[in-house]
Structures are given as C-alpha cells and as structure tokens.
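Structural features, examined
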Amino acid sequence: MIRTLLGRAGLVAAAAGLVTLISAAPAAAHGADAPDGTDYRTRTTGVAPARPGLEARVIEAGARLELTNRTGRAIEVIGYSGEPYLRVGPDGVFENSHSPATYLNRTIAGETALPAEADPAAAPVWRRIADGTTARWHDQRALWQESAPPAAVRAAPDREHRVRDWSIPVRDGTDPLLIGGTLDWVPPPDAYTWWAVTIVGLLAVGALGLLAATATSGRRALSALGALLIVGGAVAVVYPVGRELDAGAQGVGPVVVGLLSGQIWSLLTGLGAIAAGWYALSRRPGADFVAALAGACLALFAGAANAAVFARSIAPVPWSPEVARVMVAAVLIAGAGATAAGVLRLHATSRTPTPTPTPTRTRTP
C-alpha cells in the first residue's frame, strides 16, 4: 500500500515537471526571460531633462527597462542606430517594424535574427503592441552581454565595480532627452554557506519522522510538520508575487494574470502546502503521505526553482537579496524536511506488525 502511494506520488511529480517544462517554452520564446538572479546591478537615474509625467525605472532584476508616459504627448525611444524604436503615448505603445532594436530586444541575449525589413534608414512603420502608457523592453545598452565579466572584475572579483554609466536617447517631439543609469558588478554571496544552512535545517526537520507516530511526541511532530508546511507554503506564495511586482505588475489584476501565466506551479504548490499543513494539524488519516507529497512539490517547484539566489547578488524581487535567500531557504527546509519526515513515518508504519486477534474458544458442555 505504501509503495503504491509513493509510486503514484512520483508519477504526479514527474508529470508536473514535464508540464512545467512544456509550458515554460512559449513564455521564453516571447521574451519572458526574466533571470532568477544576476551579479550585475542595473539602476536608472531618471530622465534628463526631467519631464513631469515621464518616469523610467528598472524591472526584472535589471533585465528590462520600463518607461511610463503620462505627459499626454507621444514619446519616442531611439534604437541602436539612431532610428525611432518605440513610441509611447496616450494612444498606446507602438514599435517600429523597421527598427533592428524591435527584434534584438525580444530576448535578453539579443540573439534574434534580423529580418529583411529591419532597416534603420527606412521610414518608421508603427505596429501597436500594448494599450496604456507604459512600455517595457530589454535594452543592450543597460546590460552586460559578454559571457566573461569585465577585466576589472576578473582582477578583483570580491569587490564591487562600476562597469559603466549608460544612457538611452529619447525624444519628446523634437526635444532630445536621455534615460540615464548605471551598471555595477556586485560580488555574489557564498552559495555553499546557504546550501549548508539549508541542508542542516531540512535534516533537523526530517528527524521529526524518527519519533514514533503513535507516541505523544510523534503526534506533536506531525503538528510541527503541519505548521512548517503552512509557513513554507505561505512564503512560496509570497515569493512569486514579489517576482510579478518586480516585473512591473501593478494592481491585483495584473499580478494575478502574471501568476497564472508564469508562476503557476510555485503558486499551486504553495497553496497545496498550506492545505496539507492544515490537514496534518488535524491529524487525519493519511496525513503522513499528504505531508510528504506536498513537501516534495514545495521543495521542487517553489524552492529549487528559485535557488539561483543562493549564488547571485541581485534577486528578482522588490526586497533585499538577503531576505530573498532566507525565503527560498525556508521553502526548501519546510518542503524537503516534511518529505523526509513523512517518508520516515510511512516507513515506520509499514513495518509495524498488525496485531493478530486471538481466536475465542467455545467451551463444550
């Protein structure tokens, strides 16, 4: 019975992983390639000369720029060859089909092949790409595109370095403007320390499964696992919300749409862990199996999927990288620890002999 349940749990996890890989491919193909972390910190110093209602900021851990235009006039972003690239105004956001930047900026790596119509000298052909007055795009001028770090970083990788000051030309009618900013190298954290702390934590949680399930301590251990799953699940829900906010989502609607389209597995496993935690706290039949399965999904889809922050100095969330690492570590500890404890409890239960009833003898007169 136990082996059958564990086998089914493995099939569910494998199928979920396959669906995740399949569903992630179209998103990456359409430019939704926000990094899980980076060592390059991109910041913007704003628009100069300043224009009331015109704001620029960095989103997605520096992977994209965001320009919001509330001036009531059309603002043009200039491409790499001095050609009009984007137009942001009261009638929406448009891109110039003849601008090479239209195609190069579709991915963060800028590897899109240019079509024959990409001619910066040709007259602009505007194509509407979004409603509203906000444009978001990758821009190679604000990124470090080389595979190797700069020479100064290679010489002293343990120090912070200014890579360059960058600027992107913008046009308000005939008035030239600049979006300015900086690009810095920030030394990454010691990933081994974070992994060591996480492993020690999950082993400590897993050790709860060594307590006899029928004893008072074992029942308390199950309650502790339930509480940990609730906490880990809540963190797993908050973290992808933070990623959507860092990607520029504003308001409940855009955040929900972003979660359902790009962060669905982290969201579902977080909610599932919360439900499994309440189930374990109520000590219902099969709680050990539920906790083990929910913990495995939590550790895989919400923990390991975001563990890149252990080795990166910049996290794709609106709070500090240290807080992001603590959150991911908490998810991994709760998820993997609950899995280990649940499996140990199931194994102990399967080895406990079932008492055989003693047959009653009837006396013959």
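Everything discussed here concerns the structure shown above.
Every value quoted in this text rests on a predicted model; they were computed, and no experiment measured them. (Residues numbered from 1 in each chain as written. Predicted model: local features only at pLDDT ≥ 70, side-chain atom pairs only at ≥ 80, totals over all residues. Heavy atoms only, no water.)

**A word on the overall build of the chain**
Within the chain one finds nine helices and ten strands. Within the chain, buried positions represent 44% of all 365 residues. Considering only contacts within the chain whose residues lie at least 6 apart along the sequence, 68% involve residues at least 24 apart. (Helix = DSSP H or I, 4+ residues; strand = E, 2+ residues; numbered from the N terminus. Buried < 20%, exposed > 50% of the residue type's maximum accessible area, 1.4 Å probe, protein only. Contact = heavy atoms within 4.5 Å.)

**A few points about the packing of helix α5 (residues 216-246) against helix α7 (residues 264-281)**
When two helices pack together, their arrangement is captured by the angle between the axes and the distance separating the axes. At a minimum axis separation of 7 Å, α5 and α7 run at an interaxial angle of 160 degrees. For the element pair α5 / α7, the angle class is roughly antiparallel. Here α5 and α7 pass one another in a crossing that is left-handed. Of the residues in α7, those touching α5 at Leu-222, Ser-223, Gly-226, Ala-227, Leu-229, Ile-230, Gly-233, Ala-234, Ala-236, Val-237 and Pro-240 are Ser-266, Leu-267, Gly-270, Leu-271, Ala-273, Ile-274, Ala-276, Gly-277, Trp-278, Ala-280 and Leu-281. By residue class, the composition of the contact of α5 with α7 is 16 nonpolar, six polar and no charged. (Axes fitted to C-alpha atoms, helices over the stretch in contact; angles between N-to-C directions. Parallel < 35°, antiparallel > 145°, perpendicular 65-115°, else oblique. Left-handed = near helix turned anticlockwise from the far one by under 90°. Nonpolar A, V, L, I, M, F, W, Y, C, P; charged D, E, K, R; others polar.)

**Points about the environment of Ala-308**
Tracing the backbone through its elements, the reader meets Ala-308 in the loop between α8 (287-303) and α9 (321-351). For Ala-308, a relative accessible area of 33% puts it in the partly exposed group. C-alpha of Ala-308 to C-alpha of Pro-35: the two residues are 273 residues apart in sequence and 9.2 Å apart in space.

**Side note on the nonpolar core**
Counting 29 residues, the largest nonpolar core has Leu-229, Tyr-239, Leu-298, Val-309, Phe-310, Val-328 and Val-331 as its most contacted members. The greatest single-element share of this core, amounting to ten residues, is contributed by α9. Ignoring anything within four residues of it in the chain, the contact list for Tyr-239 reads Asn-306, Val-309, Pro-316, Val-317, Trp-319, Ala-324, Met-327 and Val-328. In this structure, Val-47, Leu-54, Leu-65 and Leu-67 belong to the second largest nonpolar core, which totals 24 residues. (Core = buried A, V, L, I, M, F, W, Y, C linked by side-chain atoms within 4.5 Å.)

**Comments concerning the sheet that holds strand β3 (residues 64-69)**
Read from one edge of the open sheet, three strands run β2-β3-β8, paired in antiparallel fashion. Each edge of the open sheet is held by one strand with a lone partner, namely β2 (54-59) and β8 (134-137). If you compare each strand with its neighbour and ignore which way they point, the axes differ by 15 degrees on average. Relative to β3, β2 runs antiparallel, the two sharing six bridges. From the neighbouring strand, Val-58 faces β3, where its bridge partner is Leu-65. (Pairing = 2+ DSSP bridges.)

**Here we look at α7**
Along its 18 residues, α7 runs 26 Å from first to last C-alpha, staying within 8% of the 26 Å computed at 1.5 Å per residue. Within α7, burial applies to Ser-266, Leu-267, Thr-269, Gly-270, Ala-273, Ala-276, Gly-277 and Ala-280. Phi turns positive one or two residues past the end of α7, at Arg-283, with a value near 55 degrees. (Expected span 1.5 Å × (residues − 1).)

**Brief notes about helix α6 (residues 252-262)**
When α6 is considered as a whole, its buried residues turn out to be Val-255, Gly-258 and Leu-259. Along the long axis of α6, the arc covered by the buried residues comes to 100 degrees, so they all point the same way. Of the exposed residues in α6, the ones pointing more than 90 degrees away from its buried face are Val-257, Leu-260 and Ser-261. Buried residues along α6 sit in contact with α5 and α7. (Arc of directions from axis to C-beta.)

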